[in-house]
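# Architecture and fold: a report
The chain contents come next:
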Amino acid sequence: MRILVVGSGGREHALTWALSRSGDHSLMCAPGNPGMAEIGELFPVEANDIGGLVDLARREEADLVVVGPEVPLVAGLADELRKEGIPCFGPGKDASRLEGSKWFAKEIMESAGVPSARGEVFSDVASAMEYIGEDACRYVLKVDGLASGKGVFLPDDSVETHGILEELFAGRFGESGVQVVVEERLEGKEVSILAICSGEECVVLPPSRDHKRIGNGDTGPNTGGMGAICPPPELADDFRETVREMIILPVLNELYRRGIDYRGVLYAGLMMTDEGLKVLEFNVRFGDPETQAVLPLLESDLADLCYSAALGRSLPGSLSIRDGACTCVVLASGGYPVSYEKGFIINGIKDVEDAYVFQAGTSLSENEIVTSGGRVLSVAALGATLDESIKKAYSELEKINFSKKYFRKDIGG
Ligand code: AMP
Ligand code: GLY
């Protein structure tokens, strides 16, 4: 097959690598990054250029398009490709509202009987404040739209809550801030689940856990993700099956009942509370950096799975998964996520032998790979145990150097 991967981050590099593993397919990437260029051909079309991507897929006779980021999915890329008869692994615009609207996701979960935090939607400060009352720290505020991972707030008191609400309704996120979901604050450990879905069927990939804060010990501001492990060690053997029965299938069925045929990956962000598993969020794409930790453990052919899902065909009853664990540590530019310099030469990528290097914020300058983003690359290592994979990831990442390199020292801890 000729497979086009849309996107340019670590997630897309890992996807391109996994799709190419069988050796049966030729890979194209738009726009891609220097790491992806070693596996596939790059085309300079941006991930949010819907028309440009459809033209490219048609011109290059893609048999399958695999979409990395959410923005083109919410904008309807999958629908446009399907209209042209090009199979797309990624849900259409209607299903992408699961990520594009927190309130839509809540409504679906309620109808499907899927457990999540109690919540209400508001469009002005006064009614939201009335609902919240005095105990502001028992609630979470969520912008009801795409906010690049920056739309969730956990304020400490009512003064802070009021300030955030005022800012949101004043248009800090533009259209996305017009409605705000106020949700009960849950406590517990988080787990990410990625399920490959083909209409009413799904297969669930091994569970993972990301580390969102910039600092060791989960301190400092949220980032796009500083590392991930797969699988979290404390989960029961039947965890994947439980999530499939309790969360993924009911959601797919509810969507199907509404005439929505979900073909792509469904990402469920879960919290393990004292009352059991609850859904924090859905995303309509693979997680980043979870994908970099999950895919090295997948032995089944990802291209076959994505192709079947894209065509709405039956999926296999089970997946082939390696024993052991994988740890992925992100190397970032010092100063990220606030401000950081770019353009530093990256040395040592080729010296990494016992781990995968997935590039993200990198570019080519005078034949050198240089830093060009906040999260520069990730190093993912397999091990017979989680501890072994952590040790290996940390020893291998020492081989890569660039000025102001920063990483968390406690991924998997
Ligand atoms: P989301 O984008 O909805 O996943 O939110 C980002 C992060 O905010 C999650 O990974 C959680 O750490 C936190 N979060 C979201 N919803 C809740 C909630 N209801 N209770 C506690 N923390 C939450
Ligand atoms: N790692 C969180 C996300 O991809 O949304």
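Check the entry above for the structure.
This write-up is about the structure you can find in this document. Only a predicted model underlies this, so the values are computations on that prediction, with no experimental measurement involved.

This part takes up the packing of helix α6 (residues 102-112) against helix α9 (residues 239-257). Two elements in contact, α6 and α9, have axes separated by 9 Å at closest approach and are oriented at 100°. Taken together, the axes of α6 and α9 lie roughly perpendicular to each other. Contacts between α6 and α9 involve Phe-104, Ile-108, Ser-111 and Ala-112 from the first element and Pro-250, Val-251, Glu-254 and Leu-255 from the second.

Moving on, we come to the sheet that holds strand β16 (residues 263-273). To summarise the sheet geometry, strands pair through backbone hydrogen bonds and adopt either a parallel or an antiparallel arrangement. With antiparallel pairing, four strands are arranged side by side in an open sheet as β11-β10-β16-β17. The strands lining the two open edges of the sheet, one partner per strand, are β11 (201-204) and β17 (276-283). Put simply, the sheet's adjacent strands are angled 35° from each other on average, direction ignored.

Across the 11 residues that make up β16, a large majority, 10, are buried. Two elements, strand β10 (residues 189-198) and β16, share 10 bridges in a ladder whose sense is antiparallel. When the sheet's bridge partners are listed, Glu-190 is paired in β16 with Met-271. Sheet topology note: the β16/β17 ladder contains seven bridges and is antiparallel.

In this section: the site of ligand 1. Surrounding ligand 1, one finds 14 residues, the nearest of these being Glu-183, Leu-186, Glu-190, Lys-212 and Glu-281. Measuring from an oxygen atom of ligand 1, one finds a side-chain N or O atom of Lys-102 at 3.3 Å. Glu-184 places a polar main-chain atom, nitrogen or oxygen, 3.0 Å from a nitrogen atom of ligand 1. Coverage of ligand 1 by the protein amounts to 88% of the 470 Å² it exposes when considered alone. Its residues assigned to classes, the shell around ligand 1 shows six nonpolar, no polar and eight charged.

With parallel pairing, the five strands of this open sheet are ordered in space as β3-β2-β1-β4-β5. Taken across any chain shown, the strands that pair with only one partner, and hence form the sheet edges, are β3 (41-42) and β5 (88-89). Relative to strand β2 (residues 26-31), strand β1 (residues 2-7) runs parallel, the two sharing six bridges. Counted as the bridge partner of Val-6 is Ala-30 from β2. The strands touched by helix α2 (residues 50-59) within the sheet are β1, β2 and β4 (64-67), with β1 carrying the most contacts at an inclination of about 165°. Together, β1, β4 and β5 form the strand contacts of helix α11 (residues 302-310), whose direction differs from that of β4 by roughly 100°.

Criteria and cut-off values
- Residues numbered from 1 in each chain as written.
- Chains lettered and ligands numbered in written order.
- Predicted model: local features only at pLDDT ≥ 70, side-chain atom pairs only at ≥ 80, totals over all residues.
- Heavy atoms only, no water.
- Axes fitted to C-alpha atoms, helices over the stretch in contact; angles between N-to-C directions.
- Helix = DSSP H or I, 4+ residues; strand = E, 2+ residues; numbered from the N terminus.
- Parallel < 35°, antiparallel > 145°, perpendicular 65-115°, else oblique.
- Contact = heavy atoms within 4.5 Å.
- Pairing = 2+ DSSP bridges.
- Buried < 20%, exposed > 50% of the residue type's maximum accessible area, 1.4 Å probe, protein only.
- Near = heavy atom within 4 Å.
- Polar contact = N/O pair within 3.5 Å; in protein donor to acceptor, adjacent residues only side chain to side chain.
- Areas by Shrake-Rupley, 256 points an atom, 1.4 Å probe, with all protein chains shown as cover.
- Nonpolar A, V, L, I, M, F, W, Y, C, P; charged D, E, K, R; others polar.

In short, the description is geometric, and any link to function would need to be established separately.
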